[in-house]
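Coordinate analysis (summary)
Take a look at the letters that make up each chain.
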Amino acid sequence: AALPRHVDATMPPTLPTHAAFGSEVPLAEPSWYQNLNSPYYNASHVAWRAKLRDFFEREVEPIVDDWDMKAVQNNHAACAEYIKRMYKKSAEYGILPACVGKPWPRAFTDAAEPEGYDYFHELINVDEGTRSGGGIAWAMMGGLGIGLPPVLNFGLPQNRALEERCVKECLAGEKIICLCITEPGAGSDVSNLACTARDAGDHYVVDGNKKWITNGIYADYFTVAVRTGPPGSAHKGLSMLLLEKSMPGITCSKIECMGVWPSGTTYIEFDGVKVPKENVVGVVGGGFKQVMYNFNHERWLLAAQASRMARTCVEESLSFARTRRTFGKFLIEHQAIQHKIGEMARQCEGLTAWVENITFQMNTMSKEEQNRKLGGHIALLKLSSSRVAEFCASNAMQVLGGAGYTRGGKGVKVERVYREVKAYAIPGGSEEIMLNLAAGQFGFVTRSAPDPRDKAIKALQEELKRIKSKM
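Counting restarts for each chain: residues are numbered from 1 in the order of the written sequence. Whole-chain, interface and lining totals are the exception, using all residues; otherwise, since this is a predicted model, local features are given only for residues with pLDDT of at least 70 and side-chain atom pairs are given and counted only at 80 or more. Calculation of side-chain values draws on the structure's entire complement of heavy atoms; hydrogens and water are dropped beforehand.

Some thoughts on the overall build of the chain
- A run of DSSP states H or I qualifies as a helix once it reaches four residues; a run of E qualifies as a strand once it reaches two. Both are numbered from the N-terminal end. Within the chain, the secondary structure is distributed over 16 helices and ten strands.
- Taking 23 Å as the expected radius of gyration for a compact globule of 471 residues, we find that the chain reaches 25 Å, a close match to that expectation.
- Considering only C-alpha atoms, the chain reaches an extent of 90 × 60 × 60 Å along its principal axes.
- A burial count over the chain gives 52% of its 471 residues as buried.
- When contacts within the chain are restricted to residue pairs at least 6 apart in sequence, those whose partners lie at least 24 apart make up 74%.
- Looking at the chain as shown, the accessible area adds up to about 21,700 Å², and 54% of this sits on carbon and sulfur atoms.
- Only four residue types enter the charge count, namely Lys and Arg as positive and Asp and Glu as negative; His and the chain termini do not. By convention, the point assigned to a charge is CZ for Arg, NZ for Lys, CD for Glu and CG for Asp. Separation of charge centres in the chain, based on 55 positive and 52 negative side chains, amounts to 5 Å. Note that the radius of gyration is over C-alpha atoms, with the globule rule given as 2.2 Å times the number of residues to the power 0.38. In this scheme, a residue with accessible area under 20% of its type's maximum is buried, one over 50% is exposed, and one in between is partly exposed, where area comes from a 1.4 Å probe on protein chains only. Should any heavy atoms of two residues lie within 4.5 Å, those residues are counted as being in contact. Each accessible area is a Shrake-Rupley result for a 1.4 Å probe, and residues are judged covered by the shown protein chains and nothing else.

Description of the packing of helix α4 (residues 119-129) against helix α9 (residues 335-363)
- One can describe the packing of α4 onto α9 by two numbers: an axis separation of 9 Å at closest approach and a directional angle of 140°. Taken together, the axes of α4 and α9 lie oblique to each other. Residue-level contacts link Y119, F120 and L123 of α4 to V355, E356, T359, F360, M362 and N363 of α9.
- Of the residues that constitute the contact of α4 with α9, the class distribution is six nonpolar, two polar and one charged. Each axis is a line fitted through C-alpha atoms, and for a helix only the stretch in contact is used; angles between axes span 0 to 180 degrees, taken between their N-to-C directions. Here the word oblique covers every angle except those under 35 degrees (roughly parallel), over 145 (roughly antiparallel) and from 65 to 115 (roughly perpendicular). Classification convention: Asp, Glu, Lys, Arg as charged; Ala, Val, Leu, Ile, Met, Phe, Trp, Tyr, Cys, Pro as nonpolar; all other residues, Gly among them, as polar.

Details of the nonpolar core
- Counting 111 residues, the largest nonpolar core has W67, M140, L144, L148, I177 and L242 as the members making the most contacts within it.
- Looking at this core, the element that brings in the most residues is helix α8 (residues 287-323), giving 15 residues.
- Residues in contact with I177, not counting those within four places in the same chain, are G143, L144, G147, L148, V151, C166, C170, N215, A219, Y221, T223 and L242.
- Note on terminology: a nonpolar core comprises buried Ala, Val, Leu, Ile, Met, Phe, Trp, Tyr and Cys residues joined through side-chain atoms within 4.5 Å. Ranked by size, the runner-up nonpolar core spans 20 residues in total, among them C180, A197, L241 and V273.

Overview of the packing of aromatic side chains
- Classification of ring pairs rests on two measures: the distance between centres of Phe, Tyr or Trp rings, Trp counted by its six-membered ring, which must be within 6.5 Å, and the angle between planes, read as stacked under 30 degrees, edge-to-face over 60 and tilted in between. Summed over the entire model, instances satisfying the criterion amount to 16 aromatic pairs.
- With centroids separated by 6.3 Å and ring planes inclined at 80°, the aromatic side chains of W48 and W104 adopt a geometry described as edge-to-face. Of the two residues, W48 is situated in helix α1 (residues 43-60) and W104 in the loop between α3 (76-93) and α4; the sequence distance between them amounts to 56 residues.
- For W48, a relative accessible area of 4% translates into the label buried.
- Relative accessible area serves as the criterion here: at 2%, W104 is assigned to the buried category.
- Summarising the aromatic geometry, the rings of W138 and Y424 are spaced 5.6 Å apart at their centres and angled 55° between planes, so their arrangement reads as tilted. Note that W138 is positioned in helix α5 (residues 134-147) and Y424 in helix α14 (residues 422-425), a separation of 286 residues in sequence. Y424 matches W138 in its accessibility class, with the two residues each being buried.
- Positioned over the ring face of Y204 is K277, at 5.5 Å from the centre of the ring. Over a ring means this: the NZ of a Lys or the CZ of an Arg is within 6 Å of the ring centre and within 35 degrees of the ring normal.

Side note on the environment of F21
- Secondary-structure assignment places F21 in the segment before α1.
- Along the primary structure F21 and W32 are separated by eleven residues, whereas in three dimensions their C-alpha atoms are 8.7 Å apart.

Quick look at a nonpolar patch on the surface
- Each patch is built from salt-bridge-free residues with over 30% relative accessible area, joining like charges within 9 Å and nonpolar side chains (Val, Leu, Ile, Met, Phe, Trp, Tyr) within 5 Å. Take a side-chain nitrogen of Lys or Arg and a carboxyl oxygen of Asp or Glu: if they are within 4 Å of each other, that pair is a salt bridge. Taken together, the side chains of F442, F444 and V445 make up a nonpolar region of the molecular surface, amounting to roughly 340 Å² of accessible area.
- On the secondary structure map, F444 appears in the loop between α15 (431-441) and α16 (452-470).
- With a relative accessible area of 59%, F444 lands in the exposed category.

Focus on unusual backbone geometry
- The residue after K102, namely P103, is reached through a cis peptide bond having omega 5°.
- Tracing the backbone through its elements, the reader meets P103 in the loop between α3 and α4.
- Here the phi dihedral of W212 falls at roughly 60°; this positive angle occurs in a residue that is not glycine.
- The residue W212 is located in strand β3 (residues 203-213) in this model.
- Residues other than glycine seldom take positive phi values, yet A234 does so here, at roughly 50°.
- Looking at where A234 falls in the secondary structure, it is placed in the loop between β4 (221-227) and β5 (238-244).

Everything listed here is a matter of coordinates, which is why it stays silent on function.
In structure tokens form, the structure reads like this:
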């Protein structure tokens with residue numbers, strides 16, 4: 001039979017549509033949760049989403065507020081108990097292997113792999129895990145999601161036993177790992193890292209500091225970027241080492257931060273730490289490549305988290321405005337409030353579509369192709385995600401008023417998001433660095449205009465040379 005005139009014969013007759021899921025508040029969930037068509041998700045994703053929603057609602061949400069409060073009160077014992085319990089519970093649910101990218105690390109875990117596991121399964125993991133807040137997401141996925149991939153992707157060629165032990169223990173929720181790159185004097189400027197690993201025969205001696213390290217105070221393993229090359233060796237002199245908490249000379253101190261309190265942001269000092277040479281991740285001198293290889297995945301994770309945090313603001317704002325009465329009517333009846341929430345939702349819908357597009361690209365590329373093609377795109381995505389989250393947090397705070405400003409009660413989620421958004425605008429590469437990176441990746445500048453000062457400098461150099469020749 002002939003197709004109706006409005007149907008494109010080149011398109012598939014149907015796209016996957018799944019039953020509505022989650023919140024009934026309009027636009028509180030990604031579009032494929034809203035019974036809209038999507039080319040990205042199948043029955044395996046639907047089952048995975050249901051499993052994750054059940055885990056986070058059953059195991060995590062009841063303790064979020066107390067965990068947050070215990071963290072800001074520096075009750076390290078209680079927080080350590082929470083994070084260890086949640087890692088163990090996550091492992092029992094089979095969730096942790098979905099924190100470290102694609103493929104499923106089946107050689108290191110007995111957890112059942114979702115059928116057709118791909119980056120959209122990991123995206124669901126990140127999205128559902130951030131409904132409770134950025135600090136909880138960082139506590140439960142932050143260290144693992146960025147600290148373990150270098151070990152998984154590059155291995156420990158000289159110590160396979162340690163590699164296997166580390167990966168298996170972390171994926172089983174028995175041990176915690178963190179990534180140590182940023183220093184007090186070097187963040188996005190990775191080539192200028194100063195933490196050194198001095199060659200001492202059969203081992204290295206590590207000296208230096210790392211700062212703003214997620215999960216550091218709880219960590220059993222440390223994936224550390226160090227300088228094995230001489231001073232001035234820049235990116236060519238960097239390597240990665242896997243350190244263990246049991247090694248003498250490692251001191252971890254919690255940093256008091258504005259937000260993401262449960263994540264355990266840490267200052268780490270390495271003082272003469274002896275590290276066997278077989279603890280080198282990959283090869284000596286390969287550290288810069290390993291760091292760069294890790295960045296795209298980390299920034300994609302942050303963008304996906306910020307996207308969900310922005311949606312949380314939409315959901316909380318609309319829910320509150322529908323029940324709050326002002327001047328004889330519900331708050332949502334005021335057109336100004338409708339416009340605020342509509343603008344928030346508009347930006348969320350666009351951001352979600354962008355996140356899904358990048359996820360699709362990752363799904364259809366090798367890691368090498370991802371790093372070659374997606375660096376600039378992911379940089380702009382991360383930048384946009386932090387700005388959307390900040391916009392939504394600010395506007396949600398205005399909608400909720402005093403309730404949003406109060407830690408607890410109806411505004412607890414908005415208050416939490418509001419103080420956490422800067423953790424998305426700065427870590428993983430600041431917004432300014434993301435713009436610079438994108439400009440470089442896309443080759444915005446094809447040629448440089450001559451600097452008129454160059455001519456004057458050259459003339460002075462020639463004059464100096466002439467004067468010296470006469471002396």
